[in-house]
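Listed below, chain by chain, are the residues.
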Amino acid sequence: MKYGYFDESKKEYVITRPDTPAPWVNYLGSPEYGAIISNNAGGYSFAKSGANGRILRYVFNQFDEPGRYIYIRDNENRDYWSASWQPVGKSLDTYKSECHHGTAYTKMKAVYDGISSEVRYYVPLDQSYEVWNLGITNDSDRERELTVTGYAEFTNNSNYEQDQVNLQYSQFITRTVFCENRIRQMIHANLDKIENGKEIDHKTVINRFFGLAGAKADSWCGEKEEFLGRYHGYGNPKGVEDGVLNNRGNYNENGCGAISTVLHLKPGETREIAFLVGMKEDDEAAEIVAGYENTEEVCKKELEELTAYWHGKLSHFQVKTPSKEFDTMINTWNAYNCFMTFIWSRAASFTYCGLRNGYGYRDTVQDIQGVIHLAPEMAVDKIRFMLSAQVDNGGGLPLVKFTHNPGHEDTPDDASYVQETGHPAYRADDALWLFPTVYKYVSETGDTAFMDEVIPFANKDEGTVYEHLKRAIDFSMNHLGKHSMPAGLYADWNDCLRLGKDGESTFVAFQFYYAMTILRIFAEHKKDTEYIAFLDENQKKLGNLIQELCWDEDRFIRGFTESGETIGKRTDPEANMWLNPQSWAVISGLADEKQADCALQQVYDRLNTEYGAILMDPPYHEHAFDGALAVIYNAGTKENAGIFSQSQGWIILAEALRGHGERAFTYFMENAPAAQNDKAEIRRLEPYCYGQFTEGKDSPNFGRSHVHWLTGTASTVMVGCVEGILGMRPDLYGLRIAPSIPKEWEMFEIDKDFRGCHLHITVKNPGHAESGCKKLFVNGQEMKDNYIPQTVLTDETDIELIMS
Ligand code: IFM
């Protein structure tokens, strides 16, 4: 079933049926002022922290309420509706609506009883408040009197938990008052006589506002129960039914912002107004609202700026292939999803409420990879930040606090860190993600000087980026298990595998092997011969060990428990086949060709499903070892044999690296949101963003996806597609182009900005190959093979690659 379509020209997803199987949301603003909005206007806002800076209330795990509601009432017949289908929920026979989710804005269009409306929700670029800009038109042939009411439900406390559950406290610190064109909510207003800047037990006066611009506020209400009315709900608020609000503020209990304006519209006439929300001192709020008097002009300009900003970012890499699903994902939605995970980490969605007060090390270092080809300048800042969260022993801080203070942090070796973050020990993989991320950044930009930049460690000491990477190698070297393979520690990428300090992880072993390959490239660039010898010796040792211990006839095993038991061997009754060791054996370069193809074939035969490859098989149930935490999940779910979407990116990449374009693309399509646009009743999640996982074949809800937006999937699939399928493989000195595509693609084009040059790349495939390069021309000049040294690039470079 389909609920909408992709409008690629505007980079919007347009929802034409509002009764979607789940709230389908969009992100507005930035963590400075964040706003999440669903296709029915549900959602919340916050300043800086979803958990501690919550401004607008949202009830999690409920029916997508409350939200940013605009009610429209016809004062002649007293009928009313909302500018988004919900909350009033008129019959879809008479009420027509469209929701356009775009890049950092959402537009809701509605047509009902001769009145059409369009609300544009956005946070202006670099501002920390939000705008609900309503355009309303009288399409009928008689004059209409309409009462338009905006409703914003404030939290009583910026801490969302306190707001929801500590009512004996949070309801008695809030009040609202009205002033001219805005409702002012004050929390802890009684502290207004306390000396400026002084806090009582960390409390100070907090001001929020809900304002109206472009029309006169005719009535208002600052108390939720007064506005809704007893035994009424968001769908039939008493204040809206009555057509006039009672002009009462709140003192204790629940504050809200509700403002009504009465509009008289002649036939064909349009009015533009704006509701504004923010957390600002009253004088600043007044100034903000006043700035929107010329509503139409100001809002139009701001929306244009916002669109130009985001479309500008996305323009650095655009493709035109025969697959519209692939194009829409790579050009817009996967790319935008990568930016959202990069910016928001796992801080705020309809699943994450913002309680995690920091960045997960591995998550963030991986997220960076998804934006390197689009915004390397943003990527490198975050890389610096993450390097500054590496402990001087080379390990990563499992959780990097939002208040991170490089050089002064406690580490998992300190009880204080453990207590504060809840992370009891180092994880085996965290710092190893730095290798591909730093390599991708340096290769994309050619910025080899970055290796010499000095960056502090999290706890003490500092070192160049090169030194940081060496310490990451040391960390793994110093944490080996019983067979001298990297230990599994508290976890590897898989949070549900507790292998401990004596158990060992094959996944980490592959990452470690790959890390040494990458560091060797940097060492060669620096002519660090002694270190090259060290790497060569240790990489060979590790490679031999992996080959000896981890290859089990047709697959790589998953690791060893602390007691030396093998995980993932062919004969195990459960979890005898794992996805990630197979893909990573290829990505790391460790598997020989025969092993690689055999392991990948096993994945396809044993793990692949119509929605992607499951993480392992069969799920744990009766035979879970002590550290196999996945058993806590229902079979076919998350790490217990779910289709863990992040891992799809690695299998795409692995197949592409082997030149298996058909398979790589098959894996892409199986899990691509856009490819399931007509299966919304099965997938449920938004068809324009990734989810953390899809329920696997062992679940009765096979194909249903969960945990929208903020997932490492965005970056791994992006890398799998750009580096793998499209074959954009930059290195320190230039660009290799090695596409791995479905045979039926006869041609595709890429526009890519690269090291200050614009590349227009045309790939031709008349012979229907899956991979390979027959000829490559750069500005008409034939290259030796599929490699383009940077020296031949010009401002506008024309590249033609003939595959077959
Ligand atoms: O790798 C982890 C990630 O850090 C958090 N979500 C689950 C993934 C797999 O366990």
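These numbers were taken from a predicted model, which means no experiment stands behind them. (Residues numbered from 1 in each chain as written. Predicted model: local features only at pLDDT ≥ 70, side-chain atom pairs only at ≥ 80, totals over all residues. Heavy atoms only, no water.)

Undergrad: Which residues make up the overall build of the protein, and what are the values?
TA: Secondary structure assignment for the protein yields 20 helices and 43 strands. Here the protein has a C-alpha radius of gyration of 28 Å; the compact-globule value for 804 residues is 28 Å, and the two agree. Overall size of the protein, expressed as C-alpha extent along the three principal axes, is 80 × 60 × 50 Å. For the protein, buried positions account for 63% of its 804 residues. Considering only contacts in the protein between residues 6 or more positions apart, those separated by 24 or more positions represent 66%. Split by element, the accessible area of the protein, about 29,100 Å² in all, is 47% carbon and sulfur. Charged side chains of the protein number 79 positive and 118 negative; the gap between the two group centres comes to 1 Å. (Helix = DSSP H or I, 4+ residues; strand = E, 2+ residues; numbered from the N terminus. Rg over C-alpha atoms; globule rule 2.2 N^0.38 Å. Buried < 20%, exposed > 50% of the residue type's maximum accessible area, 1.4 Å probe, protein only. Contact = heavy atoms within 4.5 Å. Areas by Shrake-Rupley, 256 points an atom, 1.4 Å probe, with all protein chains shown as cover. Lys, Arg positive; Asp, Glu negative; His and termini not counted. Charge placed at Lys NZ, Arg CZ, Asp CG, Glu CD.)

Undergrad: Now, about the sheet that holds strand β4 (residues 33-38): what can you tell me, with residues and values included?
TA: Spatially, β3-β4-β5-β6 is the arrangement adopted by the 4 strands of the open sheet, whose pairing is antiparallel. A strand with exactly one partner marks an edge of an open sheet, and here the two such strands are β3 (25-30) and β6 (54-56). Bridge count between β4 and strand β5 (residues 45-46): 2 bridges; the pairing is antiparallel. By the bridge assignment, G34 is partnered in β5 with F46. Sitting on the sheet, helix α7 (residues 324-344) touches β3, β4 and β5, and the angle it makes with β3 is about 50°. (Pairing = 2+ DSSP bridges. Axes fitted to C-alpha atoms, helices over the stretch in contact; angles between N-to-C directions.)

Undergrad: Tell me about the UniProt feature "domain: Glycosyl hydrolase 94 supersandwich" (unreviewed entry) in the protein, residues and numbers included.
TA: Here, the residues flagged by UniProt with the feature "domain: Glycosyl hydrolase 94 supersandwich" (unreviewed entry) are residues 11-294. Taken end to end, residues 11-294 comprises 10% helix and 41% strand; its first and last C-alpha atoms sit 27 Å apart. (UniProt positions renumbered as here; feature names shortened; annotations may be inferred.)

Undergrad: Hey, could you go over the site of the ligand for me, with residue numbers and the actual values?
TA: In the neighbourhood of the ligand, the contacting residues comprise R362, D363, W493, N494, D495, E639, F644 and Q692. Within the side chain of R362, one N or O atom sits 2.7 Å away from an oxygen atom of the ligand. In this structure, an oxygen atom belonging to the ligand sits 2.5 Å away from a side-chain N or O atom of E639. Per-class residue counts for the shell around the ligand are 2 nonpolar, 2 polar and 4 charged. (Near = heavy atom within 4 Å. Polar contact = N/O pair within 3.5 Å; in protein donor to acceptor, adjacent residues only side chain to side chain. Nonpolar A, V, L, I, M, F, W, Y, C, P; charged D, E, K, R; others polar.)

Undergrad: Before we move on, could you go through the pattern of salt bridges and cite the residues and values that matter?
TA: Summed over the entire model, instances satisfying the criterion amount to 61 salt bridges. Here R356 and D363 are joined by a salt bridge, their closest N and O atoms 3.4 Å apart. For R356, a relative accessible area of 31% translates into the label partly exposed. Where K460 meets D392, a salt bridge forms, and the shortest distance between an N and an O atom there is 3.1 Å. With K460 in the loop between β23 (454-456) and β24 (462-464) and D392 in the loop between α9 (376-387) and β22 (399-401), this pair connects stretches of sequence that are 68 residues apart. (Salt bridge = Lys/Arg side-chain N within 4 Å of Asp/Glu carboxyl O.)

Undergrad: Help me get a handle on the sheet that holds strand β33 (residues 643-644), residues and values and all.
TA: Whenever strands of a sheet pair, they do so through backbone hydrogen bonds, lying parallel or antiparallel. Pairing within the open sheet is antiparallel, and its 3 strands lie in the order β33-β34-β35. Every other strand in the sheet has two partners, leaving β33 and β35 (705-708) as the edge strands with one partner each. Pairing of β33 with strand β34 (residues 691-694) involves 2 bridges; the strand directions are antiparallel. Residue pairing in the sheet places F644 in a bridge with F693 of β34.

Undergrad: Run through unusual backbone geometry, naming residues and quoting values.
TA: Of note, the amide linkage connecting E65 to P66 takes the cis form, showing an omega dihedral of -15°. Of note, the bond from Q86 into P87 is cis; its omega dihedral lies within 30 degrees of zero at 15°. The residue E180 is not glycine, and still its phi comes out positive at about 60°. Take E180: it is sitting in the loop between β14 (174-179) and β15 (182-187). We classify E180 as exposed; its relative accessible area is 63%. Phi at W709 takes a positive value of approximately 70°, unusual for a residue other than glycine. Among the structural elements, W709 can be located in the loop between β35 and α20 (713-725).

Undergrad: So what's going on with the nonpolar core? Residues and values would help.
TA: Residues W132, F227, F326, F522, F668, W709 and I725 are the most contacted members of the largest nonpolar core, which totals 236 residues. Top element by residues in this core is helix α13 (residues 506-525). It accounts for 13 residues. Setting aside residues no more than four positions away along its own chain, F227 makes contact with Y71, T149, Y151, C221, P237, K238, G239, V240, L245, C256 and A258. Core analysis: the second largest hydrophobic core is formed by 12 residues, C496, L497, I567 and A630 among them. (Core = buried A, V, L, I, M, F, W, Y, C linked by side-chain atoms within 4.5 Å.)

Undergrad: Give a description of the UniProt feature "domain: Glycosyl hydrolase 94 catalytic" (unreviewed entry) in the protein that names residues and reports values.
TA: According to UniProt, the feature "domain: Glycosyl hydrolase 94 catalytic" (unreviewed entry) maps to residues 309-727 in the numbering used here. Taken end to end, residues 309-727 is 44% helix and 11% strand, and its two terminal C-alpha atoms sit 27 Å from one another.

Undergrad: With reference to specific residues and values, describe the packing of aromatic side chains.
TA: Tallied over the entire structure, the rule returns 62 aromatic pairs. When the ring of W310 is compared with that of Y336, the centres are 5.6 Å apart and the planes differ by 85°; the resulting orientation is edge-to-face. On the criterion of sequence distance, the pair formed by W310 in helix α6 (residues 295-314) and Y336 in helix α7 is long-range, its members being 26 residues apart. Taking relative accessible area as the criterion, Y336 reaches 0% and is therefore assigned buried. Above the ring of F342, the side-chain terminus of K382 is found at 4.0 Å from the ring centroid. (Phe/Tyr/Trp six-rings, centres within 6.5 Å; stacked < 30°, edge-to-face > 60°. Lys NZ or Arg CZ within 6 Å of the ring centre and 35° of its normal.)

Undergrad: Which residues make up helix α16 (residues 593-607), and what values do they have?
TA: One full turn of an α-helix is made of 3.6 residues, so residues set three or four places apart face in the same direction. Its 15 residues place the ends of α16 20 Å apart at the C-alpha level, agreeing with the 21 Å of an ideal helix rising 1.5 Å per residue. Along α16, the positions that sit buried rather than exposed are Q595, A596, A599, L600, Q602, V603 and L607. Here the buried residues of α16 occupy an arc of 155° about the axis, which is enough to place them on one side. Seen from the open side of α16, the exposed residues pointing more than 90 degrees away from its buried face are E593, K594 and D605. The N-terminus of α16 is capped by D592, whose side-chain oxygen sits 3.1 Å from the backbone nitrogen of K594. (Expected span 1.5 Å × (residues − 1). Arc of directions from axis to C-beta.)

Undergrad: Go over the environment of C221, please, and point to the residues and values.
TA: Looking at where C221 falls in the secondary structure, it is placed in strand β17 (residues 219-223). Sequence spacing of C221 and N247 is 26 residues, and the spatial spacing of their C-alpha atoms is 5.0 Å. The residues touching C221, leaving out its near neighbours within four places in the chain, are I183, E226, F227, L245, N246, R248, C256, G257 and A258.

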